[in-house]
Amino acid sequence: MIQSMTGFGQSESRTEAKCITAEIKTVNHRYNEIQIKMPRSYGALEERLRQHLAASLIRGKVDVYIKVDRGEGYDTEMRVDKGLARMYYQAIRDLSDDLGIAFNYGVAELIGLPGVMHIEETANDMEESWKQLIVPVDAALAQVITMRRAEGGRLAADMAKRLDDLEARRKSLLRYASGIVENYRQRLSARITELLGQQPVDENRIVQEVAMFADRAGVDEELVRLDSHFQQFRALLDAEEPAGRKLDFLCQEIHREINTVGAKANDLSMTKIVVEIKSELEKLREQAQNIQ
């Protein structure tokens, strides 16, 4: 079943040492873009996580948020950058002297300055961290895929109905096209008779003119290709693999063929149907652009 590009999933995994929460949001995008926000201590796993997600989320903008809450068994260390603290202290003291302001800066203020004191996680076993991380990630990913498939099913049903409408209009064009040459011959003969009155009419010249018109106005090939495009489109709606780009391409090809029909058609009824097809095709293309 095809998938849309819109989905959301959230899950968490708890141990004595930590609680890992994974949140995944996906929206429409022309390509595949995965943005990951996670603690620095897990940074070494970012590319591995990106590749893991890309295997399932082929297309769309994907935002991933990984949150790690420490438990009682979580091993951390308090780090103080003494060198940086000394630099801050000296700079503030110098500024105090230069401005003639009493120097009353203490340790409490000093440790609040950026970078002086921070909590640092002890080195993680990356493989063990991956095993812990992937549990909530895969659970959230499963929710995303379920949502994308459900939405994809609704989009596919809507597009199938629109495709039925387009196919019905193509058949109407086919019926009009089958009589367009004869209608032209009759109109041409009537016009010539009106102009010439009782004078003899050169039937061979009429036949030649009608033949040239048939060559210019013939849309049989375009209508056959339209039917082929419709059948391919319908097959892709039932496909398991990602079909969004192919569907978008087929919409472009359908538009190209119907444009040609509109340019060739010398018939008001056919022109009206072409306009209706273009309008419905635009809606179909908008839906196709939501598909992975």
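Residues numbered from 1 in each chain as written. Predicted model: local features only at pLDDT ≥ 70, side-chain atom pairs only at ≥ 80, totals over all residues. Heavy atoms only, no water.

So, the overall build of the protein
Just so we agree on the cut-off: In this text, helices come from DSSP runs of H or I with a minimum length of four residues, and strands from runs of E with a minimum of two, each type numbered from the N-terminal end. Categorising residues by exposure relies on relative accessible area from a 1.4 Å probe, with only protein chains included: less than 20% of the type maximum marks a residue as buried, more than 50% marks it as exposed, and the intermediate range marks it as partly exposed. Contacts: residue pairs with any heavy atoms within 4.5 Å of one another.
Within the protein, the secondary structure is distributed over eight helices and six strands. Listing every helix and strand of the protein by position from the N terminus yields β-β-β-α-β-β-α-α-β-α-α-α-α-α. Relative to its full complement of 292 residues, the protein shows a buried share of 36%. Put simply, of all contacts in the protein between residues at least 6 apart along the chain, 80% involve residues at least 24 apart.

Points about the nonpolar core
Selection rule: Note on terminology: a nonpolar core comprises buried Ala, Val, Leu, Ile, Met, Phe, Trp, Tyr and Cys residues joined through side-chain atoms within 4.5 Å.
Residues Met159, Leu173, Phe233, Leu247, Val261 and Leu284 are the most contacted members of the largest nonpolar core, which totals 31 residues. Every element with two or more residues in this core is listed here: helix H4 (126-196), helix H6 (220-237), helix H7 (244-264) and helix H8 (268-288). Ranked by size, the runner-up nonpolar core spans 23 residues in total, among them Leu57, Trp130, Leu141 and Val144.

A word on the sheet that holds strand S3 (residues 32-37)
Here is the rule we go by: We treat two strands as partners when DSSP finds at least two bridges between them. Simply put, an axis is a line fit to the C-alpha atoms, just over the touching stretch for a helix, and the angle between two N-to-C directions goes from 0 to 180 degrees.
Spatially, four strands are ordered S1-S2-S4-S3 in an open sheet, and the strand pairing comes out mixed. Each edge of the sheet is formed by a strand with only one pairing partner; in this case those strands are strand S1 (7-14) and S3. Looking at each pair of strands side by side, their axes are set apart by 10° on average, direction ignored. The pairing of S3 with strand S4 (residues 60-70) spans six bridges and is parallel. Paired with Lys37 across the strands is Tyr65, a residue of S4. Contacts from helix H1 (residues 46-54) reach strand S2 (18-27), S3 and S4, with the element oriented near 140° to S3.

What to know about the pattern of salt bridges
The criterion, for reference: Salt-bridge detection follows one rule: a side-chain nitrogen of Lys or Arg within 4 Å of a carboxyl oxygen of Asp or Glu.
Per the stated rule, a full pass over the model turns up 21 salt bridges. Among the ionic pairs, Glu151 bridges to Arg154, the shortest N-O distance being 2.9 Å. A residue pair is termed a helical-turn pair when its members lie 3 or 4 positions apart in one helix, as Glu151 and Arg154 do in helix H4 at three residues. In this structure Arg154 comes out as exposed when scored by relative accessible area, which is 51%. Between Arg170 and Asp227 there is a salt bridge, with the nearest N and O atoms lying 3.8 Å from each other. Residue Arg170 is located in helix H4, and its partner Asp227 is located in helix H6; the two are separated by 57 residues in the primary sequence. Note on Arg170: relative accessible area 10%, which makes it buried.

Side note on the pairing of S1
Burial along S1 is one-sided: Gly7, Gly9, Ser11 and Ser13 are buried, while Phe8, Gln10, Glu12 and Arg14, pointing the other way, are not. Judged from the eight bridges that link them, S1 and S2 form a sheet pairing that is antiparallel. Pairing of Arg14 across the sheet is with Cys19, part of S2. Here S1 folds back onto S2, and the loop between the two strands holds three residues.

Some remarks on the packing of aromatic side chains
Formally: Each pair of aromatic rings taken from Phe, Tyr and Trp, with Trp reduced to its six-membered ring, is defined by centres within 6.5 Å and is described as stacked if the planes are under 30 degrees apart, edge-to-face if over 60, and tilted in the remaining cases. We call a charge positioned above a ring when the Lys NZ or Arg CZ atom is no farther than 6 Å from the ring centre and deviates by at most 35 degrees from the ring normal.
Applying the stated criterion across every chain yields a total of one aromatic pair. When the centroid spacing of 5.3 Å and the interplanar angle of 90° are considered together, the rings of Tyr89 and Phe103 count as edge-to-face. Highlighted residues: Tyr89 in helix H2 (residues 82-99) and Phe103 in the loop between H2 and helix H3 (107-110), separated in sequence by 14 residues. The aromatic ring of Phe103 is capped on one face by Arg93, whose charged end is 5.0 Å from the ring centroid.

Here we look at the environment of Arg59
How we decide: Polar contacts here mean pairs of N or O atoms no more than 3.5 Å apart (in protein, one a potential hydrogen donor and the other a potential acceptor; neighbouring residues in sequence count only if both atoms are side-chain atoms).
Mapped onto the secondary structure, Arg59 falls in the loop between H1 and S4. For the pair formed by Arg59 and Tyr31, sequence separation is 28 residues and the distance between their alpha carbons is 5.5 Å. Ignoring anything within four residues of it in the chain, the contact list for Arg59 reads Met5, His29, Arg30, Tyr31, Asn32, Arg148, Gly244, Arg245, Ile291 and Gln292. In this structure the side chain of Arg59 is engaged in a polar contact, spanning 3.0 Å, whose partner is the backbone oxygen of Arg30. One polar contact links the side chain of Arg59 to the main-chain carbonyl oxygen of Ile291, over a distance of 3.0 Å.

Quick look at a nonpolar patch on the surface
Condition: Nonpolar side chains (Val, Leu, Ile, Met, Phe, Trp, Tyr) within 5 Å and like charges within 9 Å form the patches, drawn only from residues with over 30% relative accessible area and no salt bridge. With residues, only the protein chains shown are counted as cover, and all accessible areas are computed by Shrake-Rupley using a 1.4 Å probe.
There is a patch of nonpolar side chains on the surface, built from Met78, Val80, Val107, Ile111 and Met117 and spanning about 440 Å² of accessible area. Tracing the sequence through the fold places Ile111 in the loop between H3 and strand S6 (117-121).

Description of the pairing of S2
Counting buried residues in S2 gives eight out of ten residues, a clear majority hidden from the surface. Note that S2 and S4 share ten bridges and pair antiparallel. Counted as the bridge partner of Lys18 is Arg70 from S4.

Focus on the environment of Leu133
If you trace the backbone, Leu133 turns up in helix H4. Residues Leu133 and Thr21 lie 112 residues apart in sequence; the distance between their C-alpha atoms is 8.5 Å. What Leu133 contacts, discounting residues up to four positions off in sequence, is Ile20, Met38, Tyr42, Leu45, Leu49 and Ile66.

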